[in-house]
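Spelled out from the first residue to the last, the chains are:
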Amino acid sequence: LVGFAFGQMQAETLEALAALGSLRVTPWRMLLVEGLAEMPALSGLVTHGDDPIRRVEACSGAPACLQALAPVRELAARLARQVPQGRVLHVSGCAKGCAHPAPADVTLVATTAGFDLIRNGTTLDAPLRRGLAQDDIDLKGLF
C-alpha cells in the first residue's frame, strides 16, 4: 500500500506506479500495487505509517485554489518533522479551512499580511500570532 502526501498525487506518479503492477484504490486514498515486493522511491509517496507528513493537513493552496492567499503545501511539508506523533498541524491557504475544519493543535492560516498562528483551534479562532512570514515559522515549543 502506498499513500500520498496530502492525499494527492501527480499523474507521473500514477503512471510510474501502474508500471510496477496492477493498482487497486482503497477507501483511504491509498493504492495497493499488486505484486510489489519493495516500496518504490517516488516523490510524494507515503510508504510508512509513521511518516511525519501524516500529521499535517493542508489544502491545495495557491495557485490551485482561487480563494488561497498563499501556497501552503511546501510550508506544510517543511514543518511536518516538527509535529510530534499524536498531534496535528493544519496549514490553510485561507480562513475557510477546507482541509481540516475541526480544531488542530496548531493551525496556520494565510492572510494578506502573512500567516496567522492559532493554537488548539480552527482557522476561524483568534490567532496567537499574526502576519508571520513563511521563512520565519518555527513550531518548536508550540506542541
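Calculation criteria
- Residues numbered from 1 in each chain as written.
- Predicted model: local features only at pLDDT ≥ 70, side-chain atom pairs only at ≥ 80, totals over all residues.
- Heavy atoms only, no water.
- Helix = DSSP H or I, 4+ residues; strand = E, 2+ residues; numbered from the N terminus.
- Buried < 20%, exposed > 50% of the residue type's maximum accessible area, 1.4 Å probe, protein only.
- Areas by Shrake-Rupley, 256 points an atom, 1.4 Å probe, with all protein chains shown as cover.
- Lys, Arg positive; Asp, Glu negative; His and termini not counted.
- Charge placed at Lys NZ, Arg CZ, Asp CG, Glu CD.
- Pairing = 2+ DSSP bridges.
- Right-handed = clockwise from strand over helix to strand, strands pointing away.

Trainee: Whenever I open this one, the overall build of the protein confuses me. Can you help?
Mentor: A tally of regular secondary structure across the protein gives 2 helices and 9 strands. Reading the helices (α) and strands (β) of the protein from amino to carboxyl end gives β-α-β-β-β-β-α-β-β-β-β. Buried residues in the protein amount to 38% of all 143 residues. Approximately 8,400 Å² of the protein is accessible, and the part contributed by carbon and sulfur atoms is 52%. Here the protein carries 13 positive and 14 negative side-chain charges, and the mean point of each set is 6 Å from the other.

Trainee: I tried to follow the pairing of strand E6 (residues 89-92) on my own but got confused; where do I start?
Mentor: Regular strands place side chains that alternate from one sheet face to the opposite one. Burial along E6 is two-sided: Leu-89 and Val-91 and His-90 and Ser-92, pointing in opposite directions, are all buried. The pairing of strand E5 (residues 56-58) with E6 spans 3 bridges and is parallel. Bridging from a neighbouring strand, Val-56 pairs with Leu-89 of E6. Running through helix H2 (residues 73-79), the crossover from E5 to the neighbouring parallel element E6 is left-handed. Of the pairings in the sheet, the one linking E6 to strand E7 (residues 104-111) comprises 4 bridges and is parallel in character. Across the sheet, residue Ser-92 finds its bridge partner in E7, namely Val-109.

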